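The primary structure of each chain is shown beneath.
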Amino acid sequence: MNQVKRAWRDLAVFGGQPAFDEPLHVGRPNIGSRRQFFQQIEDILDRRQLSNDGPYVQSFERELSQLTGVKHCVAVSNATVGLEIAIRALGLTGEVIAPSMTFVATAHALQWLGITPVFCDIDPQTMNLDPTQVEVLITPQTSGIVGVHLWGRPCATEALADIARRHNLKLLYDAAHAVGCSYKGQMIGNFGDAEVFSFHATKVCNALEGGIIATHDDALAGRLRRMRNFGFMSTDNVVEEGTNGKMNEISAAMGLTSLAKLDSFIAENYFNYKTYERDLADIPGVTLTLYNEGEKNNYHYIVLQVDEKQTGISRDQLILLLFAENVLARRYFYPGCHRMEPYRTLQPDAGLRLPYTESLVERTLCLPTGTAVSPTDIQKICQIIRFAVENAASIRAQLLHNTTILPTSIYESGDQTNCQTTAAHLQQFRQPHQK
Ligand code: T4K
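Residues numbered from 1 in each chain as written. Predicted model: local features only at pLDDT ≥ 70, side-chain atom pairs only at ≥ 80, totals over all residues. Heavy atoms only, no water.

### As for helix H4 (residues 104–112)
Here is step 1: All of the buried residues in H4 are Val104, Ala105, Thr106, Ala107, Ala109 and Leu110.
Here is step 2: Looking at the buried positions of H4, the neighbouring elements they touch are helix H3 (79–89), strand E3 (95–99), strand E4 (116–120), strand E5 (142–148), strand E6 (170–174) and helix H12 (343–346).
Here is step 3: Positive phi shows up at Gly114, right after H4, with a value of about 75 degrees. (Buried < 20%, exposed > 50% of the residue type's maximum accessible area, 1.4 Å probe, protein only. Helix = DSSP H or I, 4+ residues; strand = E, 2+ residues; numbered from the N terminus. Contact = heavy atoms within 4.5 Å.)

See below:
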């Protein structure tokens, strides 16, 4: 094992040896059976059917229907395009209520179609849309609600369905994180008018890139299928607007390969989650976001909240230390969509109604998990966090006053494996985000 941290000088950010020789990522892909994948590729090449609703895509859709119990699972090229197609197929216009505490794709899918995402605050417990706030934001222009099952933890589906019904709104879920998750025993995919899963490389189950739109609505499913294929009803017969949102056969083959191992990926995630839970348990001010173990979860996100008042060290300072140790923790979803462009310019006051979102994006960080991360790695990560909190005062003093420390170009260089540092970057972590 690399050096155990005994004094602040041992931390890599101050020149000590990094805890890990290689970077540990949040979002390292889970890889299923190479043999299965390569065999399928051979078959795809032999058949010469590479795209356009081929047999692997159809098989992927069938398996998703089996997993979720949803009648129609429509494969698309990625979840962002899936959201766009679903938004269009549902006829959303004007304003749509959505959280800001999400990956920017949720907001962009609306904005891209000329719809205003009206950012709504979250319930601090669930980190998902707060239904009472949703209701407050409804105007005559509101046509729908997009809920996000953040980290795979379900939205308040009953309350949102009730609001949607009473106000005649469409209800769509961004279920990008929620493959393999359930709510009250029912698999995610079954809620609202439609739900959109992501099979991006970084997700628990990947199709390289990919998405699935799940719905029980026959007419909607037909529309989704046409819209992902330029609006074609049949050869030479375009019956409505459409785009190219098709999944290709290689992606579907990867999706099938991943699905075959989904249970074991989730089992490893669960073991990792329990290791984090155990090893972080008594660190004051560091709270692991828990999953309801009475439901199905994929345990794919290890989400911490750092309460600086208790830890003595901020979330960003902790991330800085972790990066230097080669633990590439992420600030998902900082700074919140409403503080990203174009929303920051278009809706400069949105933050005023998002107190819980604003607080959460400053405290939250995600740690590495998945099949590329071992329980031993996790023990080391937790030791670093514990050491940082136990020695917060001296570490903080060194970070704030030692201008010779040049921390990593974490988010700017694009090369996250490069722990060389820049003063500008330290500055970023010293100053709160501009409001
Ligand atoms: N809605 C929600 C709530 C979402 O979270 C997302 C996507 C979407 C919608 C849209 O779904 P898709 O259209 O993508 O299907 C990543 C993913 O790109 C994105 O899919 C995901 N959410 C988001 C949470 O995370 P970035 O910008 O953080 O990605 P990046 O490139 O920094 O990758 C994360 C880490 O994963 C890196 O440290 C390296 C590692 N990685 C990544 C890839 C792609 C690998 O080791 N291998 C790889 O192939 O957005």
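### What to know about the site of the ligand
Here is step 1: As a matter of local geometry, the ligand sits amid 26 residues, with Arg28, Thr80, Asp174, His177 and Tyr332 nearest to it.
Here is step 2: Here an oxygen atom of the ligand and a side-chain polar atom of Thr80 are 2.6 Å apart.
Here is step 3: Tyr332 places a side-chain nitrogen or oxygen 2.5 Å from an oxygen atom of the ligand.
Here is step 4: With the chains in place, 78% of the 910 Å² that the ligand exposes on its own is no longer accessible.
Here is step 5: Counting only elements with at least two residues in the shell around the ligand, the list comes to H3 and H4.
Here is step 6: When its residues are assigned to classes, the shell around the ligand shows 10 nonpolar, 12 polar and four charged.
Here is step 7: The residue makeup of the shell around the ligand includes at least three contributed by each of domain 1 (8–28 + 262–329 + 368–430) and domain 2 (34–260). (Near = heavy atom within 4 Å. Polar contact = N/O pair within 3.5 Å; in protein donor to acceptor, adjacent residues only side chain to side chain. Areas by Shrake-Rupley, 256 points an atom, 1.4 Å probe, with all protein chains shown as cover. Nonpolar A, V, L, I, M, F, W, Y, C, P; charged D, E, K, R; others polar. Domains from an automatic or database assignment.)

### Describing the packing of aromatic side chains
Here is step 1: Counted under the stated rule, the structure contains 15 aromatic pairs.
Here is step 2: When the ring of Trp8 is compared with that of Phe14, the centres are 5.2 Å apart and the planes differ by 85 degrees; the resulting orientation is edge-to-face.
Here is step 3: Pairing Trp151 with Tyr301 gives two aromatic rings, centres 5.3 Å apart and planes at 50 degrees, and the pair type is tilted. Highlighted residues: Trp151 in the loop between E5 and helix H6 (157–167) and Tyr301 in the loop between strand E13 (286–288) and strand E14 (302–306), separated in sequence by 150 residues.
Here is step 4: Put simply, the rings of Phe103, Trp151, Tyr301, Tyr332 and Phe333 touch in pairs and so form one group of aromatic residues.
Here is step 5: Note that Arg331 overlies the ring of Tyr334, its terminal NZ or CZ placed 4.1 Å from the centroid.
Here is step 6: Note that Lys380 overlies the ring of Phe20, its terminal NZ or CZ placed 4.2 Å from the centroid. (Phe/Tyr/Trp six-rings, centres within 6.5 Å; stacked < 30°, edge-to-face > 60°. Lys NZ or Arg CZ within 6 Å of the ring centre and 35° of its normal.)

### Overview of the pairing of strand E2 (residues 72–76)
A regular strand places its side chains on the two faces of the sheet in alternate fashion.
Here is step 1: Burial runs high along E2: five of the five residues are buried.
Here is step 2: In the sheet, E2 pairs with strand E10 (residues 211–215) via five bridges, with the strands oriented antiparallel. Along E10, the bridge assignment pairs Ala75 with Ile212. (Pairing = 2+ DSSP bridges.)

### A look at the packing of H3 against helix H7 (residues 218–227)
Here is step 1: One can describe the packing of H3 onto H7 by two numbers: an axis separation of 10 Å at closest approach and a directional angle of 125 degrees. Taken together, the axis directions place H3 and H7 in an arrangement best described as oblique. Between H3 and H7 the crossing geometry is right-handed. Along its contact with H3, which presents Ile85, Ala86, Arg88 and Ala89, the element H7 presents Leu220, Arg223, Leu224 and Met227.
Here is step 2: Along the lines of polarity and charge, the residues of the contact of H3 with H7 split into six nonpolar, no polar and two charged. (Axes fitted to C-alpha atoms, helices over the stretch in contact; angles between N-to-C directions. Parallel < 35°, antiparallel > 145°, perpendicular 65-115°, else oblique. Left-handed = near helix turned anticlockwise from the far one by under 90°.)

### Considering the nonpolar core
Here is step 1: Ranked by internal contacts, the top residues of the largest apolar core, which has 107 residues, are Phe60, Trp151, Leu367, Ile385 and Ile395.
Here is step 2: A per-element tally of this core places helix H14 (residues 375–390) first, with eight residues.
Here is step 3: Not counting chain neighbours up to four residues away, the residues in contact with Ile395 comprise Trp8, Leu11, Phe14, Ile313, Leu321, Phe387 and Ala388.
Here is step 4: In terms of nonpolar packing, the next biggest core, distinct from the first, is built from 24 residues, Val96, Ala109, Leu220 and Met227 among them. (Core = buried A, V, L, I, M, F, W, Y, C linked by side-chain atoms within 4.5 Å.)

### A look at the state of the cysteines
Here is step 1: For the coordinates displayed, the defined rule picks out zero disulfides.
Here is step 2: Here Cys366 stays free of any disulfide, with the sulfur of Cys382 as its closest cysteine sulfur at 14 Å.
Here is step 3: On the accessibility criterion, Cys366 (0% relative accessible area) is buried.
Here is step 4: You can call Cys382 buried: its relative accessible area is 1%. (Disulfide = S-S within 2.5 Å.)

Spatial relationships are all this shows, so hold off on functional conclusions.
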